[in-house]
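Listed below are the residues making up each chain.
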Amino acid sequence: ARMIWILLLAVVLLIVITGSGLGSRLSDGSTYLPWVPREWPTLPPTPALARLIISEVMFDPEVAEPEGEWFELFNSGDFELDISGYKIGDEETNGQGEGMYRLPQGLILGPRQPLVIANRADAFRIQFQASPDFELRESDPGVPNLEKYSDWSTGYVELLNTGDELIILNASNWAVDGVSWGSS
C-alpha cells in the first residue's frame, strides 16, 4: 500500500512538472493543481464551555479590613452557567473555622459575565462608587447577602494579607477553582 502511494505521488508530480493539462499554468510559468486549496477555509471558533473561575481578589484594600475586601467570580465560557448551590470562601477543609458562603438557588451567570461579592457593600461603594452583586455581612439592605454555609465551616471570610486562599465549591462540594497568595 505504501508503494502505491509513492507511485501515485510520483505520477502527480510528473503531471505537474510537465504541464500535461491536468494542472494550470500561471503567468510566471509555475503550475498548480486546481483541486489543492491554496488557502484553507476559516473555521468558526469552538465555543468555550461554561466554567466559574475566581477572576479578581482584593485581600489588602486601602479601606478598613475585612470590610473593604471583595472578590469577583467570572463565567469564562460562552454558555450560561447555573451556579445554584455553589459555595465561595477561604476555608479549604470541611469542619474548620474560616468562612464559606452559599450562592442562592436559581442564580444563573451569563456567558463572560462577572459577579462581584464584597465583604460589606458600603465599604465597596466608598472605594468604587458602585454596588457589588452580593455582600457577606449586612451593610446595605439593597444588596443581597450570601448565606453562611455552616455545614462546611463556622467562621467568616477574612482574607489575610500575609497569605490565604479563596476556593469555589460546586453544589456537590467539589473544588472547581481556587487561588492562594503569600504564605498559603
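**Q** Help me understand the nonpolar core, please; the structure alone is not making it clear to me.
**A** Within soluble globular proteins, side chains that are nonpolar generally end up buried alongside one another. By size, the foremost hydrophobic cluster in this structure holds 22 residues, and its most contacted members are Leu-73, Ile-83, Ile-88, Leu-103, Leu-115 and Ile-117. For this core, the secondary-structure elements that each account for two or more residues are β3 (52–58), β4 (70–75), β9 (114–118) and β12 (163–169). When sequence neighbours within four positions are dropped, the list of residues in contact with Leu-73 reads Leu-52, Ile-53, Ile-54, Ser-55, Ile-88, Leu-103, Gln-113, Pro-114, Leu-115, Ile-117 and Ile-168.

**Q** Is there a simple way to explain the environment of Leu-169 in this structure?
**A** Within the fold, Leu-169 resides in strand β12. In this structure, Leu-169 is in contact with Tyr-86, Lys-87, Met-100, Trp-152, Trp-174 and Ala-175, ignoring residues within four places of it in sequence.

**Q** Help me understand the side chain of Glu-69 in this model?
**A** Topologically, Glu-69 is positioned in the loop between β3 and β4. No salt bridge forms around the buried Glu-69; measuring N to O, its nearest opposite-charge neighbour Arg-137 is 7.5 Å away. Residue contacts for Glu-69: discarding those within four places in its chain leaves Met-58, Phe-59, Pro-61, Ala-118, Asn-119, Val-157, Glu-158 and Leu-159.

**Q** What should I look at first to understand the pairing of strand β13 (residues 175–182) in this one?
**A** Working note: regular strand, side chains alternate between the two faces of the sheet. In the sheet, β12 pairs with β13 via seven bridges, with the strands oriented antiparallel. Looking across to β13, one finds that Gly-163 is bridged to Gly-182. Between β12 and β13, which pair antiparallel one after the other, the connecting turn spans five residues, and Asn-173 there sits at a positive phi close to 65°.

**Q** Can you walk me through unusual backbone geometry in this structure?
**A** Glycine aside, residues mostly have negative phi, and peptide bonds are mostly found in the trans state. Cis rather than trans, the peptide bond between Glu-65 and Pro-66 has omega equal to 0°. Locating Pro-66 in the fold gives a position in the loop between β3 and β4. Positive phi values are uncommon outside glycine, yet Arg-112 reaches one of about 60°. As for its position among the elements, Arg-112 is in the loop between β8 (108–109) and β9. One non-glycine residue with positive phi stands out, namely Asn-173, at about 65°. Mapping Asn-173 onto the fold places it in the loop between β12 and β13.

**Q** Looking at this structure, I do not really get the sheet that holds β3. What am I missing?
**A** Picture the strands of a sheet paired through backbone hydrogen bonds; they go either parallel or antiparallel. Strand order in the open sheet formed by four strands is β3-β4-β9-β10, and the pairing between neighbours is mixed. Each edge of the sheet is formed by a strand with only one pairing partner; in this case those strands are β3 and β10 (134–135). Where β3 lies against β4, six bridges are found, and the strand directions are antiparallel. Following the sheet pairing, Leu-52 is matched in β4 by Asn-75.

**Q** Can you help me understand helix α2 (residues 121–128) in this one?
**A** An α-helical turn contains 3.6 residues, so any two residues separated by three or four positions project in the same direction. Considered for burial, the residues of α2 that qualify are Ala-121, Ala-123 and Phe-124. For α2, the buried positions fall inside an angular range of 160° around the axis, keeping them on one side. Buried residues along α2 sit against β4, β9 and β10. Two residues or fewer after α2 comes Gln-129, characterised by a positive phi angle close to 50°.

**Q** I would appreciate a short explanation of the pairing of β9 in the present structure.
**A** Burial within β9 is extensive, with four of its five residues counted as buried. Judged from the five bridges that link them, β4 and β9 form a sheet pairing that is antiparallel. Opposite Phe-71, over in β9, you have Ile-117 as the bridge partner. In terms of strand pairing, β9 meets β10 through two bridges, oriented parallel. In the strand pairing of β10, Ile-117 is matched with Phe-134. This β-α-β element, β9 to α2 to β10, shows right-handed connectivity.

About the cut-offs
Residues numbered from 1 in each chain as written. Predicted model: local features only at pLDDT ≥ 70, side-chain atom pairs only at ≥ 80, totals over all residues. Heavy atoms only, no water. Core = buried A, V, L, I, M, F, W, Y, C linked by side-chain atoms within 4.5 Å. Buried < 20%, exposed > 50% of the residue type's maximum accessible area, 1.4 Å probe, protein only. Helix = DSSP H or I, 4+ residues; strand = E, 2+ residues; numbered from the N terminus. Contact = heavy atoms within 4.5 Å. Lys, Arg positive; Asp, Glu negative; His and termini not counted. Salt bridge = Lys/Arg side-chain N within 4 Å of Asp/Glu carboxyl O. Pairing = 2+ DSSP bridges. Arc of directions from axis to C-beta. Right-handed = clockwise from strand over helix to strand, strands pointing away.

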